[in-house]
Every structure is written in structure tokens, then in C-alpha cells.
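Reading the structure
For reference, the chains in residue letters:
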Amino acid sequence: MTGHTLIAHPKSRPDSSERPARRPRAVPRRLAPYARLFAVPGARAFTAGNMLARLPMGMFTVSAVIMIATTRGSYALAGAVSATGLAATAVVGPLTARMIDRYGQARIAWPASLIAATGAVSLAACVRFGAPDWTLFASYAATATTPNTGGMSRARWAHIFRTDPAARHTANSFEQAADELCFVGGPPLAALMCTVFFPESGTLAGAVLLVLGMLIFTRQRGTEPPVAPRTTTDAAPPPLRLPALLPLLGAFLCIGVVFGSMEVATIAFADGRGQQGAAGVVLALHALGSAAAGLVIGTALPPTGPVVRRFALCVCLMAFLALVSFGAASTGSLLLLGAALLVAGMGAAPAMVTGMTLIQGTVPAARLNEGMTWAVTALLSGIATGSAAAGWVAEHLPVTTAFTVPPAAALLAAASASSTLVRPGWARRR
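Turning to the overall build of the chain, a few remarks are in order. From N to C terminus, the chain includes 16 helices and zero strands. Looking at the chain as a whole, 54% of its 430 residues qualify as buried. Looking at the chain as shown, the accessible area adds up to about 19000 Å², and 67% of this sits on carbon and sulfur atoms.

Dropping the structure here:
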């Protein structure tokens, strides 16, 4: 006892009510950057909800193709329906993102997800009960209101780690890996459900996951970034008026063609050999390679050097690896095709990671969600175009010929990405 202060020595074995807080469990050094992200209160919850809500973006297209092709017997009709719906996303998606930037995530994303889920359920019902073909187009167009969940999640990380560039790099890498997992992992899940259960199961499961995931995500209000002042948002130039963004969107469009054509070509290839159920497993190998490459990038230190140059090199690598899948399909072996897709997936993630990083550095902060939504819109539009093109080729030409679409689109993506490398030098010369 000294004055009015009592100094007590703790017990050698404290009871359960006096135990100190448990230290965080040690994690491997390579995983430490990710452990730091999810130590933030609420990060695990909004990430889990975002992953559930993001997965249907990769499920709806393949589910619609398999569902319509199985019940109506036409890959051309299936590709046209998916192309129409995803083309509607090119118009509605950026408008939804602009409203999210202006009014907040919770106020806009939740009702928009309900509208999209209603359209998916309507599409399944029209297919199930033999409604006219035009109802398929109208129902699938309603799914265009699906919010850009990946963009909203990146905006939360940017708000949480606004003064920590290293943590933002890890967060962006994780989100890109999650994008790859959902965009490329959703199709095999949808194909598996549509073939194992019933044709409409993939579409219905996607609607349930979208509603449930968005409900969990929007309830995490503590991590939601504040809405920018109206004057700041209006003063920032629209993303499409930025000349540096246009070649990037062209590259994302061509990358989407690679994904969409690869999905439809793989499904038609497996169906032609009486193994349609194996298409989900083969596409899952592509998802595995892509997700693994994305996660490895996130554990590395923030890269140095011009991002535009790295993006061009990554897309060129992706174009080269797309040729491997065409060679494997020419052998007629589904096993070799799966191995080739695994290798090709490892080239997709680096291109997407560097591309999204480049877009985040190009678009003003007040319109970040809108700018990233334009990138996702270009990607989805490419998926729709690739699905329609590969579906037409698979129906009118030998199935193996459909695998010429992915490498051709990858070469176009490399050309567009290379133009982003040439443009700064050309501007300096002028």
C-alpha cells in the first residue's frame, strides 16, 4: 500500500475469470498479410457475405446455357439468351454502381439484389413450364441489376486501410483471387448442379446465394465506407471520359470472351463424348489454377515498376497459355484438356490482379465503384460474347473448333493491353 494506490501481484494460476486475453494464434509467415486483414472487426463477416453474393455472377451464365440447351435442345438459343442478359448488365450495372457511390451500399445494393434474384427465379420458371422463348430473354435481362459486389468489397478495404498501402495491396490481391474463384469457380459449380440434380437447380441456387450473401454483407454497417459529398462526386469526371481507361476496358472485354468461350466449349466438348457431368470437374481445374495464382500474388510485397507494363506482359502470357487448351482439345482427351485448363488458369489471375490495380489507379476515388463496375461490365459482356460465339461454333462446326475462340480472344486482349503500354509514350511524343 503506497498512498492511495493498491499494488497487487497476480496469482500464479489465475482462475477462468481472471485469465488474460488469448494471444492470436501464430500463422505462417506467408499468410501473415491475410491474417492482418481479417483481424479487423467485421472483416470476416462482410467477406463471407460478399463471397456468397459474388458467386452467382459466375453461375448464372453457365446455368442458363445448360438449362436452356438441355430443355430446348439449342446451344444457339442458350448463348443468345445469356448474351442478351449480360448485355443488359452493360447498361444497368454502371447505373447501379453510380447510385451506390452516391447513396451508399446498403440503401441500393439490397433492393437491386432482390430484383436480380426475382429475374433468375422467373427464368427458371419459364424454362420449367415451357414458356415462349421471348420470356427467357425478358427474365434473364432482370438479373442485370446484380450489384458489383467485388467493387463494394474493395471500397471497404480502401476505407479501412486508407493510410496503409501495403495492406491495401494485400486486400486487392485477395479480392482479385476471390473474383477469379467466383467467375471461374461458379461455372463448374453450376454445371455440376444442373447435371446432377435438375436443369433449373443452378439458377435457383444462384438466386438464393445472392439474396443471402447480400443480406449478410449489407448488415455490416461498421465497415461500410461513408458516402462522398455530392459536390465531390459531381466534380469527378465520369470514368468513360478518361482516355486511359478505354484500352483497359477493351482488354477486359477480350478476357471475358476467353472465359465465356472456354466454358461453353468445354461443356460442348464433354457433352459430345457423353460426359457432360465431367465438364464441371474440368472447369474446376481452371478455377483452382487461377485462385492459387491469385493468392500467391497477395502474399508477395507490393510490386514496383509501371503497372501498365506488368498488365501487358500478364495478358500476353495469358494469350500464350490459351493456346495450350486448344492443343489439348485437339487430342480428344478430356484428361489432357483438364490439365491444360489448370495451366491456363494460372495465367488468368495475374492479368486480372494487375488490370484491376491499374483501373483503381486510373479512376477518381469518388467514382471508384463505378469505374470498377465498368471493368466488370466489360468482362461480363465479353463472357456473353464468348458464350454466344462458342455456342454457334459448337453447333455448326466440329466441337473442337470452338476452342479456337479462347486463344483468338486472348491475342486481341494482348493487343489491347499492349496499346495501354504504347499510349503514354505516344502522348509524350505528341
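We now examine the side chain of Thr 149. Of note, Thr 149 is situated in helix 7 (residues 149-160). A residue is classified by how much of its surface remains accessible, and Thr 149, at 1% relative accessible area, is buried. Excluding residues within four positions of it along the chain, Thr 149 makes contact with Asn 50, Ala 53, Arg 54, Met 57 and Met 214.

Let's shift gears to the packing of helix 11 (residues 245-272) against helix 15 (residues 368-396). At a closest axis distance of 6 Å, the pairing of helix 11 and helix 15 adopts a crossing angle of 40°. In this structure, helix 11 crosses over helix 15, and the sense of that crossing is right-handed. When its residues are assigned to classes, the contact of helix 11 with helix 15 shows 16 nonpolar, nine polar and one charged.

Let us look at the environment of Trp 110. The topology assignment puts Trp 110 in helix 5 (residues 105-128). Assessed through its relative accessible area of 26%, Trp 110 is described here as partly exposed. Sequence separation between Trp 110 and Gly 213 is 103 residues; the distance between their C-alpha atoms is 9.9 Å. In this view, Trp 110 contacts Gln 105, Val 211, Met 214, Leu 215 and Thr 218; residues no more than four positions away in its chain are not counted.

Moving on to the environment of Glu 175. Along the polypeptide, Glu 175 turns up in helix 8 (residues 165-196). Among the residues examined, Glu 175 registers a relative accessible area of 1% and is labelled buried. Separated by 128 residues in the primary sequence, Glu 175 and Thr 47 place their C-alpha atoms 9.4 Å from one another. Residue contacts for Glu 175: discarding those within four places in its chain leaves Asn 50, Arg 54, Gly 150, Ser 153, Arg 154 and Trp 157.

Now for the confidence of the model for the chain. In regions of low pLDDT, the predicted coordinates are not meant to be interpreted in detail. Looking at the chain, the pLDDT average stands at 76 and 83% of residues meet or exceed 70. When the elements of the chain are averaged for pLDDT, helix 10 (residues 230-235) gives the smallest value, 53, and helix 9 (residues 201-218) the largest, 88.

Our next topic: the packing of helix 5 against helix 6 (residues 133-141). Running from amino to carboxyl end, helix 5 crosses helix 6 at an angle of 160°, the nearest separation of the two axes being 7 Å. Between helix 5 and helix 6, the crossing angle belongs to the class labelled roughly antiparallel. Where helix 5 crosses over helix 6, the handedness of that crossing is left-handed. Packed against helix 5, whose contacting residues are Gly 119, Ser 122, Leu 123, Cys 126 and Val 127, the element helix 6 presents Thr 135, Leu 136, Ser 139 and Tyr 140 at the interface.

Bringing the state of the cysteines into the picture now. Under the definition given, this model contains zero disulfides. Summary of cysteine pairing: Cys 316 is not part of a disulfide, and the nearest cysteine sulfur, belonging to Cys 314, is at 9.3 Å. On the accessibility criterion, Cys 316 (35% relative accessible area) is partly exposed.

A few words now on helix 3 (residues 56-72). Because an α-helix packs 3.6 residues into every turn, residues spaced three or four apart end up facing the same way. A rise of 1.5 Å per residue sets the reference length of helix 3, with its 17 residues, at 24 Å; its end C-alpha atoms lie 23 Å apart and thus fit the reference within 8%. Most of helix 3 sits out of view: 14 of its 17 residues are buried. Positive backbone phi, approximately 70°, marks Gly 73, located one or two places after helix 3.

For the coordinates displayed, the defined rule picks out two salt bridges. Glu 200 serves as the salt-bridge partner of Arg 128, at 3.4 Å between the closest nitrogen and oxygen. Of this pair, Arg 128 sits in helix 5 while Glu 200 sits in the loop between helix 8 and helix 9, and the two are 72 residues apart along the sequence.

Let us look at the nonpolar core. Judged by nonpolar contacts, the single largest core of 93 residues is most densely connected at Phe 252, Ile 255, Phe 311, Val 315, Leu 337 and Ile 359. Ranked by residues supplied to this core, first place goes to helix 11 with 16 residues. Among the nonpolar cores identified, the runner-up in size contains 19 residues, and Val 40, Phe 46, Ala 109 and Phe 174 belong to it.

Bringing the packing of aromatic side chains into the picture now. When we look at a pair of aromatic rings, we describe it by the centre distance and by the angle of the planes. Counting across every chain of the model gives six aromatic pairs. Ring geometry for Phe 46 versus Trp 157: centroids 5.1 Å apart, planes at 55°, classification tilted. Residue Phe 46 is located in helix 2 (residues 43-54), and its partner Trp 157 is located in helix 7; the two are separated by 111 residues in the primary sequence. Given a relative accessible area of 0%, Phe 46 falls into the buried group. The buried category is assigned to Trp 157, whose relative accessible area is 1%. Grouped by ring-pair contacts, the aromatic residues Phe 38, Phe 46, Trp 157, Phe 161, Phe 174 and Phe 217 constitute a single cluster.

On the surface, Val 121, Leu 192, Val 196, Phe 197, Phe 198, Leu 204 and Val 281 cluster together into a nonpolar patch covering about 620 Å² of accessible area. Following the sequence through the fold, Phe 197 ends up in the loop between helix 8 and helix 9.

Next up on the list: the side chain of Thr 143. The residue Thr 143 is located in the loop between helix 6 and helix 7 in this model. Setting aside its immediate chain neighbours within four residues, Thr 143 contacts Ala 116, Gly 119 and Ala 120.

Basis of the calculations
Residues numbered from 1 in each chain as written. Predicted model: local features only at pLDDT ≥ 70, side-chain atom pairs only at ≥ 80, totals over all residues. Heavy atoms only, no water. Helix = DSSP H or I, 4+ residues; strand = E, 2+ residues; numbered from the N terminus. Buried < 20%, exposed > 50% of the residue type's maximum accessible area, 1.4 Å probe, protein only. Areas by Shrake-Rupley, 256 points an atom, 1.4 Å probe, with all protein chains shown as cover. Contact = heavy atoms within 4.5 Å. Axes fitted to C-alpha atoms, helices over the stretch in contact; angles between N-to-C directions. Left-handed = near helix turned anticlockwise from the far one by under 90°. Nonpolar A, V, L, I, M, F, W, Y, C, P; charged D, E, K, R; others polar. pLDDT = per-residue confidence, 0-100. Parallel < 35°, antiparallel > 145°, perpendicular 65-115°, else oblique. Disulfide = S-S within 2.5 Å. Expected span 1.5 Å × (residues − 1). Salt bridge = Lys/Arg side-chain N within 4 Å of Asp/Glu carboxyl O. Core = buried A, V, L, I, M, F, W, Y, C linked by side-chain atoms within 4.5 Å. Phe/Tyr/Trp six-rings, centres within 6.5 Å; stacked < 30°, edge-to-face > 60°. Patch = residues over 30% accessible without salt bridge, like charges linked within 9 Å, V, L, I, M, F, W, Y side chains within 5 Å.

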